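# Structural features, examined
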Amino acid sequence: LTSDTGSSNSDGITSDATLTFSSAAGDVTRTFKVDGGAAAASYTAPTADGSHTVVVTDTDTAGNTANASLTFTLDKTIATPTVALTHDNGSSNSDGLTNDASLTTSATATDVTRTFTVDGGAASATYTAPTADGSHTVVVTDTDTAGNTANASVTFTLDTTLATPTLSLATDTGSSNSDKITSDASVAASSTAPDITRTFTV
């Protein structure tokens, strides 16, 4: 193999079926057979994923023959991972605004290594949910044994804080303005942020 790509450079699992051959002597005719097919004067790399065997045969002018073979596994594809908020909480379950930064990801194949990158930080083998309120982007990257990579990302806004409202009598009438004995049941409440829905229970 010209390049035994991926996590090992000697396992014969690669995303590149290019081969390197010794040079042939001047009186030698060389043929190539791929997966038991017809002999050809040149090597045409297979494109289908799976195991492949290439046999190289040299024949000189005197009729002597010599051959060598190589078996390798071609792997050029990798499934794209999926990633999404586990709970898109709040008034909408699809707005990406949540108080829970937990994520749900697709399962990985046995030969895949997965990493997580949060907000452009260092890649990590595990996902550590951000805790600061604000926008966050998480990139999930899968790499298989052959070195193929695929990634997916999710961007969401984390909001885990809410100001506590204040409520008081609008007018505490009578002899004391702090005894909460009043002839006026009007109340004064703090203002609400634009994204707040307020309810009253009496």
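Residue numbers here run from 1 along each chain, matching the order of that chain's written sequence. Local features are withheld for residues below a pLDDT of 70 in this predicted model, meaning they are given only at 70 or higher, and side-chain atom pairs are given and counted only at 80 or more; totals for whole chains, interfaces and linings count all residues. Side-chain metrics in this entry use all non-hydrogen atoms of the structure; hydrogen atoms and water are not considered.

### Let's talk about the sheet that holds strand β6 (residues 97-98)
Put simply, the rule reads: Paired strands are those between which DSSP finds at least two bridges. Only DSSP runs of H or I reaching four residues or more are called helices, and only runs of E reaching two or more are called strands; each is numbered from the N terminus.
The strand order across the open sheet formed by four strands is β6-β10-β9-β8, and the pairing between neighbours is mixed. Of all the strands in the sheet, just β6 and β8 (112-118) have a single pairing partner and so form its edges. Of the pairings in the sheet, the one linking β8 to strand β9 (residues 134-144) comprises seven bridges and is antiparallel in character. Residue pairing across strands places Thr 113 opposite Thr 143, the latter belonging to β9.

### Overview of the sheet that holds strand β1 (residues 13-14)
Pairing within the open sheet is mixed, and its four strands lie in the order β1-β4-β3-β2. This sheet does not close on itself; its edge strands, each paired only once, are β1 and β2 (29-34). Sheet topology note: the β2/strand β3 (residues 50-59) ladder contains six bridges and is antiparallel. Counterpart to Arg 30 in the pairing with β3 is Asp 58.

### Some remarks on the packing of aromatic side chains
Let me state the cut-off plainly: Stacked, edge-to-face and tilted are the three classes for Phe, Tyr and Trp ring pairs, Trp counted by its six-membered ring, which pair at centre distances within 6.5 Å; planes under 30 degrees apart are stacked, over 60 edge-to-face, the rest tilted.
Under the counting rule described, the total for this entry stands at four aromatic pairs. With a centroid separation of 5.0 Å and an interplanar angle of 65 degrees, the aromatic rings of Phe 21 and Phe 32 are classed as edge-to-face. Residue Phe 21 is found in the loop between β1 and β2, and its partner Phe 32 is found in strand β2; the two are separated by 11 residues along the sequence. Both rings, one in Phe 116 and one in Tyr 127, keep their centres 6.0 Å apart while their planes meet at 40 degrees; by these two values the pair is tilted. Here Tyr 127 lies in the loop between β8 and β9 and Phe 116 lies in strand β8, a separation of 11 residues in the sequence. Chaining the aromatic ring pairs together yields one cluster made of Phe 21, Phe 32 and Tyr 43.

### Some points on unusual backbone geometry
Leave glycine aside and you will find that most residues have negative phi; peptide bonds, for their part, are mostly trans. Defined as follows: For every residue, the accessible area (1.4 Å probe, protein chains only) is compared with the maximum for its type, and the residue is labelled buried under 20%, exposed over 50%, or partly exposed between those bounds.
In the Ramachandran plot, Asp 119 falls in the positive-phi region, its phi being about 55 degrees despite a non-glycine side chain. Assessed through its relative accessible area of 43%, Asp 119 is described here as partly exposed. A positive phi angle, near 60 degrees, is found at Lys 180, a position not held by glycine. Within the secondary structure, Lys 180 sits in the loop between β11 (167-169) and β12 (187-189).

### Points about the nonpolar core
Stated formally: We define a nonpolar core as any set of buried Ala, Val, Leu, Ile, Met, Phe, Trp, Tyr and Cys residues linked to one another through side-chain atoms lying within 4.5 Å. Contact definition: two residues touch when any of their heavy atoms are within 4.5 Å.
Formed by Val 83, Leu 85, Ala 101, Leu 103, Phe 116, Val 138, Val 140, Ala 152, Val 154, Phe 156 and Leu 158, the largest nonpolar core amounts to 11 residues. Looking at this core element by element, the count peaks at four residues for strand β10 (residues 149-158). If we ignore the near neighbours within four places in the chain, the residues touching Val 154 are Val 83, Leu 103, His 136, Thr 137 and Val 138.

### Some details on the side chain of Asp 144
Inclusion rule: Neither His nor the chain ends is counted toward charge; the positive residues are Lys and Arg and the negative residues Asp and Glu. Salt bridges are defined as contacts in which a side-chain nitrogen from Lys or Arg sits within 4 Å of a carboxyl oxygen from Asp or Glu. Pairing of N or O atoms within 3.5 Å defines a polar contact, subject to two protein rules: one partner must be a possible hydrogen donor and the other a possible acceptor, and residues neighboring in sequence count only if both atoms are side-chain atoms.
Its place among the elements puts Asp 144 in strand β9. Buried charge without a partner: Asp 144 forms no salt bridge, and the closest opposite charge is Arg 114, 12 Å away. A polar contact of 3.1 Å, which involves the side chain of Asp 144, links it to the backbone nitrogen of Ala 146. Reaching out from Asp 144, the side chain makes a polar contact with the backbone nitrogen of Asn 148 at a distance of 2.9 Å. In this structure Asp 144 touches Asp 75, Thr 77, Ile 78, Asp 111 and Val 112, once residues within four positions along its chain are discounted.

### Some words on the environment of Thr 131
Inspection of the secondary structure puts Thr 131 in the loop between β8 and β9. The exposure class of Thr 131 is exposed, given its relative accessible area of 69%. For the pair Thr 131 and Asn 99, spaced 32 residues apart in sequence, the C-alpha separation works out to 9.5 Å.

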